[in-house]
Amino acid sequence: MRAFDALWAEAVPHIEAILGEPVRVEPRAAAGWRSGGGTDAERPVREIIGRYRSKPITSELEGNREGSRFQSMTRIAGNTQTMRISPAQAAALGYALTANDRVVLLTRPGTPAFTIVRVGARDGGELMLELTTEAAA
């Protein structure tokens, strides 16, 4: 283990105490062609600590407009929504997270739930979840 890894392992619980928040992970089966996927009975619902982040972004689409032959540009505004899960919290979960699992922020009433779009592992074992907002009930 590198010296930095040991320091980082000591720092993560302190970071989670300041920036982390309790989240409920609701495992769901893979979405089908016509279904969103039901609950996954093999993996239980668990509560862990995660670090949620929403950041505004602007993307640009460029191209020729058909029929008029002049350049046009469109900007699309949106948010990236991510959650980081420490290796200790991922181990406490007891199973691997997958796309289509559901995440609920427990300390933010009125906040919609999120669907995991992609799960990526970082070098130190931390999980980076890319999220999308679910429709309001």
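Refer to the structure printed above.
A brief look at the structure comes next. (Residues numbered from 1 in each chain as written. Predicted model: local features only at pLDDT ≥ 70, side-chain atom pairs only at ≥ 80, totals over all residues. Heavy atoms only, no water.)

1. Description of the overall build of the protein chain
Inference 1: For the protein chain, the count of helices and strands is two helices and six strands.
Inference 2: Counted from the first residue to the last, the protein chain has its helices and strands arranged as α-β-β-β-α-β-β-β.
Inference 3: Long-range contacts, defined here as pairs at least 24 residues apart, represent 53% of the contacts in the protein chain between residues at least 6 apart.
Inference 4: Surface summary for the protein chain: the accessible area is close to 9,300 Å², and the carbon and sulfur share equals 54%. (Helix = DSSP H or I, 4+ residues; strand = E, 2+ residues; numbered from the N terminus. Contact = heavy atoms within 4.5 Å. Areas by Shrake-Rupley, 256 points an atom, 1.4 Å probe, with all protein chains shown as cover.)

2. Quick word on the pattern of salt bridges
Inference 1: As enumerated under the stated definition, the model contains 11 salt bridges in all.
Inference 2: For Arg 28, the salt bridge is made with Glu 134, and the minimal N-O distance between the two is 2.9 Å. Pair noted here: Arg 28 is in the loop between β1 (21-26) and β2 (46-64) and Glu 134 is in the segment after β6 (127-133), with a separation of 106 residues, a long-range link. For the pair Arg 28 and Glu 134, one class covers both residues: buried.
Inference 3: In this structure, the salt-bridge partner of Arg 51 is Glu 126, at a minimum N-O distance of 2.4 Å. On the criterion of sequence distance, the pair formed by Arg 51 in strand β2 and Glu 126 in the loop between β5 (114-121) and β6 is long-range, its members being 75 residues apart.
Inference 4: Several salt bridges share partner residues, and in doing so they unite Arg 24, Glu 26, Arg 28, Arg 102 and Glu 134 into one network. (Salt bridge = Lys/Arg side-chain N within 4 Å of Asp/Glu carboxyl O. Buried < 20%, exposed > 50% of the residue type's maximum accessible area, 1.4 Å probe, protein only.)

3. Focus on the packing of aromatic side chains
Geometrically, a pair of aromatic rings is defined through the distance of the ring centres and the angle of the planes.
Inference 1: Counted according to the given criterion, the structure contains one aromatic pair.
Inference 2: Taken together, a centroid distance of 5.2 Å and an interplanar angle of 35° make the contact between Tyr 52 and Phe 114 tilted. Taken together, the residues span a long stretch of sequence, with Tyr 52 in strand β2 and Phe 114 in strand β5 at a distance of 62 residues. Of the two residues, Tyr 52 and Phe 114, neither departs from the other in class, the shared state being buried. (Phe/Tyr/Trp six-rings, centres within 6.5 Å; stacked < 30°, edge-to-face > 60°.)

4. Here's the deal with unusual backbone geometry
Negative phi characterises most residues that are not glycine, and trans characterises most peptide bonds.
Inference 1: Of note, the phi angle at Asn 100 is positive, near 90°, even though the residue is not glycine.
Inference 2: By the element assignment, Asn 100 lies in the loop between α2 (87-93) and β4 (102-105).

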